[in-house]
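What follows is the residue order along each chain.
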Amino acid sequence: MTSTTAITAQECAAQLANIAGEAHTEVAGETVSVAPLDAAQISQILRFADANAISVTPFGSGTKAGWGNPVAPGIRLSLNRRNSLREHPWQDMTCTVEAGCTWASMQAELAQHGQMVALDPLWPERATVGGIVATNDSGALRLKYGGLRDLIIGMTIVLPDGTIAKTGGKVVKNVAGYDLHKLMTGSFGTLGVITEVNFRLHPAETDARTWTATAPDALQFAEPLRILLDSQMTPSSIQLRAGKLQSALDVRIATRPEAFDEQAARLRKILGQIELSDSVNEVWQARQRLFDHEDRVILKASMLSSDICSVSSELQHLAAKQEFEFDLTAQATGLMTVSLNIPADAVPRLLDQLRSRLRTSGGSVIALRIPESIRAGLDVWGCDSNALALMREIKRRFDPNRTLNPGRFVGNI
Amino acid sequence: MLPQSHIDELRSAVGADGLITGESQLQTYECDGLTNFRVLPGAVVLPRSAAQVQAVVRVCARHKIPFVSRGAGTGLSGGALPAAGGVVISLARMNRILEVDIANRYVVVEPGVINAHVTARVAPQGYFYAPDPSSQSVCTIGGNVAENSGGAHCLKYGFTVTHTLGLEVVLPNGEIVQLGSPTLDAPGYDLTGVFVGSEGTLGVATKVILRIVKRPEVVQTLLAAFDSPHAAGQTVSDIIAAGMLPSALEIMDALAIEAAEAAVHANYPVCGGLLLVELDGPSSEVEALMSEARAICSKNGAQQVRVAQSDQERALVWKGRKAAFAAMGRISPNYIVQDGVIPRTALPSVLSEIDRMASAAGLRVANVFHAGDGNLHPLVLYDRAIAGQEELALDLSYRILHLCVDNGGSITGEHGVGKEKQEALGYMFSEPDLATMQLVRCAFDPENIANPDKVFPRTRLCAAEIPGPYTPHPLETAGIAEIF
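Predicted, not measured: the structure shown is a model, and the values here were computed from it. (Residues numbered from 1 in each chain as written. Chains lettered and ligands numbered in written order. Predicted model: local features only at pLDDT ≥ 70, side-chain atom pairs only at ≥ 80, totals over all residues. Heavy atoms only, no water.)

A. Geometry of the overall build of chain B. In terms of regular secondary structure, chain B is built from 17 helices and 19 strands. The globule rule puts the C-alpha radius of gyration for 484 residues at 23 Å, and the 23 Å found for chain B is close to it. With respect to the three principal axes, the spread of C-alpha positions in chain B is 70 × 55 × 45 Å. When each of the 484 residues of chain B is scored for burial, the buried share is 63%. Across chain B, every contact between residues at least 6 apart in sequence was considered, and the portion connecting residues at least 24 apart equals 71%. For chain B, the accessible area works out to roughly 16,300 Å², and carbon and sulfur atoms hold 53% of it. (Helix = DSSP H or I, 4+ residues; strand = E, 2+ residues; numbered from the N terminus. Rg over C-alpha atoms; globule rule 2.2 N^0.38 Å. Buried < 20%, exposed > 50% of the residue type's maximum accessible area, 1.4 Å probe, protein only. Contact = heavy atoms within 4.5 Å. Areas by Shrake-Rupley, 256 points an atom, 1.4 Å probe, with all protein chains shown as cover.)

Here it is, written out as structure tokens:
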């Protein structure tokens, strides 16, 4: 429990056990974990925490628990008993899923009708719908299908005062009222607890192929990528991979089987001298693999798509000069994930360099994973928005007592 | 009426040529496309820059004068209806396209730019701006942002929000903020996503960053004539079930076809239910899908299936569809345009129920709908000259909205809530839902001066509004729906 809290962890656990049951309440050091059964119990827990100044961290499976600023221990509100696909009216191509459901188990059920939520987030086997939505994760499919803001059509949330509210609905086209689900998406659990999400669905990509081209310097892909994005081809995903000494460009196209040969021929023409070969689905795991080395620094950089090759190439040259290792993936949407093997004391300077490189075109860099030794004094978010005061006011209206994930988000929201 | 001192302040904000106070000129602004609501504003200002908008909003904030921003006034829910004695901020003069970045597929525009002009500007490079409300030749991007406008092609391409990357906004206290950017996932809350569709209640957009899309290689439009809209509706479900995502799937019933033919001679087949299927993409893909779509139409008993043979023919097909609302004037003295959404699978039963309700009320209802996404536009036909018929028609149109909600849908797919559907919003959402939305409103506009008394069922004050614990929705109590 935090220092502002008069109540002990044991007292807190006893209260939570009254709500969710002893079997679903657990004390671990200063943190009390509780796994409520339904929205009504979540509402009760939040009211209790809010009234007693205990911070609450909504929790799925913890795959991204280290993202953002650390939160003082309090209640860990687990959604793992809210883990089912509630509805799948497949002919309407929508679904309603509970926040604690893992991405992969949801997709497996949707696949029974040849459908999917068109998003490829990190660690689908473990990551939950609620956590993916709260962190606004997205992968390479975003190029064709958009991000979560384009796929979520409704949501049920619980506010710190216990209010259970729904937003949006179960139809794709709907402009009634404010889209609170857009506000909740990517809010890192600082405004409310997401308990259910309604998605629009797409047909699964049953016929899809991937091609890969390789070259030493990422800059060699700049012109082919520009031409490809300016073409009338419609790839699902385009990904640049780069390390210190080599680069690759992956292109995935989903179409009717009879159209593949013609699409491949076009792709070859665009790549010109650079050799293109048939590739495997595994290349799309590259972003996730960047996280495998636990000692590496991980950055998420957002930039214009026309910058991804030049920024990657600049990193290659810097790495050669300063003798560090790195790997990155960059989607053609301009979202790049970089994994760096550099000394802790070199991180702030590199972060500053990247941020000032990208800021002029509206870009940003978020430090997803950094050594604990440099966390103090480092701004992991790098938010220079002039709307920060407005964001703080939204937080104050939703969570006046700063109960939900206090300090985790931009500007210590 | 505004006091002279406030008028003077507004004049110094926008200059004498940017201020309208004469009553006859003010009447131009007393309503939008929903003409049965009319309110005379106290003044209209026509700013030329974000700085002038800011100066106007500061005057309004200082004196707590309600303001309503306005684009071309084509909205169909009364969103641009003035507040009595308030200020209308017309963005008509802020109509410049500021930046075009083809390599990164975005443009930056001022809010008064006309929707179709964005496409016109980027067409030479082979791009287009996807949202295409029927009013696109006159409506403005600022209005589209306020309403989160859709159009026939949003089935595949999405809505205004899908294509809005960022905004510059003058907040109701006069501050200017930048929301979003040409790059994705800027750190912080997605305030761009919240602002789009907020119907002018959160501030005034003075700059909009829009995504543009490469024109597809091939576009093909198929017309299929069925005995009834039901058969056409079943075909829509089958096309979707086959895994296709056409760019548009539209249905018109016999009345709508008759009206459109009378208005623009679109050369539609005479039938009970006309289905338009538009497919676009790489030519090899479209060819394969088109033959599949034709087969599905034939299987469902289409009497006639033809593909528009030229760009001119395709343009004519769409001209008829987009003129369908206005064309109702050819077959009825008066009509009400409605805008409801239902899950696609509820189409047959809801259409039957609308028929039944119309017969019981002794009125005709024409149906034009974006069938692919379940967005109905029932047009309730009536004659104002017949005593009591307007009230009957209004009542029927609202009951149709309730029917949409009862079937798990929405009271508006693209026209917005505005003035027209405030009460209906209270049918769709429960008190805690509305109170939570109000938290956002109060964060942006604590003084409640930005387009007040719109969208929400009743005027709410920020300070006093505290959302309470969950209370069940009436539909939930009645066992009709679960919370979602």
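B. Highlighting the pairing of strand β19 (residues 364–369) of chain A. Residue and element names in this part refer to chain A. For β19, a buried count of five out of six residues is recorded, marking the element as mostly surrounded by other parts of the structure. Bridge count for strand β16 (residues 297–302) against β19 is five bridges, and the pairing is antiparallel. Opposite Leu299, over in β19, you have Ala367 as the bridge partner. (Pairing = 2+ DSSP bridges.)

C. Representation of unusual backbone geometry in the model. Of note in this structure, Trp123 of chain A is not a glycine but carries a positive phi near 45°. Structurally, the position occupied by Trp123 of chain A is in the loop between β7 (115–116) and α4 (129–134). Overall, Trp123 of chain A belongs to the buried group, its relative accessible area being 13%. Although it is not a glycine, Arg105 of chain B sits at a positive phi angle of roughly 55°. Considering the arrangement of structural elements, one finds Arg105 of chain B in the loop between β5 (97–101) and β6 (106–109). Since its relative accessible area comes to 17%, Arg105 of chain B is described here as buried.

D. Highlighting the sheet that holds β5 of chain B. All names here are of chain B. Taking strand neighbours across the sheet as the criterion, the five strands line up as β5-β6-β10-β8-β9 in an open arrangement whose pairing is antiparallel. Looking along the sheet, the strands with just one partner apiece sit at the ends: β5 and β9 (176–180). Sheet twist, expressed as the mean angle between neighbouring strand axes with direction ignored, is 10°. For strand β8 (residues 164–170) and β9, the ladder comprises five bridges, and the chain directions are antiparallel. Residue Val169 lies in a different strand from β9, and its bridge partner there is Val177. Across the sheet, helix α3 (residues 50–63) is in contact with β8, β9 and β10 (204–211); its angle to β8 comes to roughly 50°. Taken strand by strand, helix α4 (residues 115–122) contacts β5, β6 and β10, and its axis lies near 45° from that of β5. (Axes fitted to C-alpha atoms, helices over the stretch in contact; angles between N-to-C directions.)

E. Representation of the packing of aromatic side chains within the structure. Residues and elements named next belong to chain A. Considering all chains together, one arrives at eleven aromatic pairs over all chains under this definition. Judged by centre distance (5.7 Å) and plane angle (25°), the rings of Phe188 and Phe409 are stacked. Here Phe188 is found in the loop between α7 (180–184) and β10 (193–200), whereas its partner Phe409 is found in the segment after α13 (388–398), with 221 residues between them in sequence. With respect to class, Phe188 is no different from Phe409; both count as buried. Between Trp211 and Phe260, the aromatic rings sit 6.4 Å apart at their centres with planes inclined by 55°, giving tilted as the arrangement. Taken as a pair, Trp211 in strand β12 (residues 208–215) and Phe260 in helix α9 (residues 260–271) lie far apart in primary sequence, 49 residues in all. (Phe/Tyr/Trp six-rings, centres within 6.5 Å; stacked < 30°, edge-to-face > 60°.)

F. Structural view of the sheet that holds strand β2 (residues 43–45) of chain B. Residues and elements named next belong to chain B. Pairing within the open sheet is mixed, and its four strands lie in the order β1-β2-β4-β3. Single-partner strands in this sheet number two, and they are β1 (19–20) and β3 (67–70). As judged from the two bridges shared by β1 and β2, these two strands associate in the antiparallel manner. When the bridges of β2 are listed, Ile20 appears paired with Val44. Contacting β2, β3 and β4 (87–90), α3 crosses the sheet at an angle of about 165° to β4.

G. Representation of the domain arrangement of chain A in the model. Taken domain by domain, chain A comprises domain 1 (9–80 + 400–412), domain 2 (85–203) and domain 3 (208–374). Placing the centre of domain 1 of chain A and that of domain 3 of chain A at their C-alpha centroids yields a distance of 37 Å. (Domains from an automatic or database assignment.)

H. Seen up close, the interface of chain A and chain B. Listed as interface residues are 88 residues of chain A and, on the opposing side, 98 residues of chain B. Note on chain A versus chain B: buried area summed over both sides is about 7,300 Å², and carbon and sulfur give 57% of it. It is Lys166, Lys173 and Tyr178 of chain A that lose the most area in chain A upon contact with chain B, and together they represent 14% of the buried surface on that side. Residue Lys173 of chain A pairs with Glu414 of chain B through a salt bridge whose shortest N-O separation is 2.9 Å. The tally of links between chain A and chain B comes to 31 residue pairs in polar contact (both at pLDDT 80 or more). Here the side of chain A that touches chain B takes seven residues from α13 of chain A, the largest share from any one element. By residue class, the composition of the side of chain A that touches chain B is 34 nonpolar, 31 polar and 23 charged. (Buried area = accessible area lost by both parts, 1.4 Å probe. Salt bridge = Lys/Arg side-chain N within 4 Å of Asp/Glu carboxyl O. Polar contact = N/O pair within 3.5 Å; in protein donor to acceptor, adjacent residues only side chain to side chain. Nonpolar A, V, L, I, M, F, W, Y, C, P; charged D, E, K, R; others polar.)

I. Structural view of the pairing of strand β17 (residues 325–331) of chain A. Residues and elements named next belong to chain A. Within β17, five of the seven residues are buried, leaving the element largely enclosed by the surrounding structure. Taken together, the six bridges between β17 and strand β18 (residues 335–341) define a ladder with antiparallel strand orientation. Paired with Asp327 across the two strands is Ser339, which belongs to β18. Between β17 and β18, which pair antiparallel and follow one another directly, the connecting turn spans three residues, one of which, Gly334, has a positive phi of 95°.

J. Looking closely at the packing of α13 of chain A against helix α16 (residues 431–444) of chain B. α16 of chain B packs onto α13 of chain A with a crossing angle of 145° between their chain directions and a minimal axis gap of 9 Å. In this structure, the crossing between α13 of chain A and α16 of chain B has a hand that is right-handed. Between α13 of chain A and α16 of chain B, the contacting residues are Leu390, Glu393, Ile394, Arg397 and Phe398 of chain A on the first element and Thr436, Leu439, Val440, Cys442, Ala443 and Phe444 of chain B on the second. Tallied by class, the residues present in the contact of α13 of chain A with α16 of chain B amount to eight nonpolar, one polar and two charged. (Left-handed = near helix turned anticlockwise from the far one by under 90°.)

K. Structural detail: helix α11 (residues 308–322) of chain A. Counted at 1.5 Å a residue, the expected span for α11 of chain A with its 15 residues is 21 Å, and the 21 Å between its end C-alpha atoms agrees. Elements in contact with the buried residues of α11 of chain A: α8 (222–229), β13 (237–243), β14 (247–254), β17, β18 and α12 (347–359) of chain A. (Expected span 1.5 Å × (residues − 1).)

L. A look at the side chain of Thr25 of chain A. Residues and elements named next belong to chain A. In this fold, Thr25 is placed in strand β1 (residues 25–28). At 2.9 Å, the side chain of Thr25 forms a polar contact with the backbone oxygen of Gly21. Those residues in contact with Thr25 that sit more than four places away from it in its chain are Ala13, Leu16, Ala17, Val32, Ser33 and Val34.

M. Seen up close, the pattern of salt bridges. Counted under the stated rule, the structure contains 44 salt bridges over all chains. Residue Asp185 of chain B pairs with Arg142 of chain A through a salt bridge whose shortest N-O separation is 2.9 Å. On the criterion of chain membership, the pair formed by Asp185 of chain B in the loop between β9 and α7 (191–195) and Arg142 of chain A in helix α5 (residues 142–145) is interchain, its members lying in two chains. Its relative accessible area of 15% is what places Asp185 of chain B among the buried residues. The class of Arg142 of chain A is buried, set by a relative accessible area of 10%. For Asp433 of chain B, the salt bridge identified is with Lys166 of chain A, shortest N-O distance 2.9 Å. Separated into two different chains, Asp433 of chain B in helix α16 and Lys166 of chain A in strand β9 (residues 164–168) make up a pair that spans both. Comparing Asp433 of chain B with Lys166 of chain A, the two get one shared label, buried. Residues joined by salt bridges that share partners form a network here, namely Arg82, Arg86, Glu98 and Glu196 of chain A.

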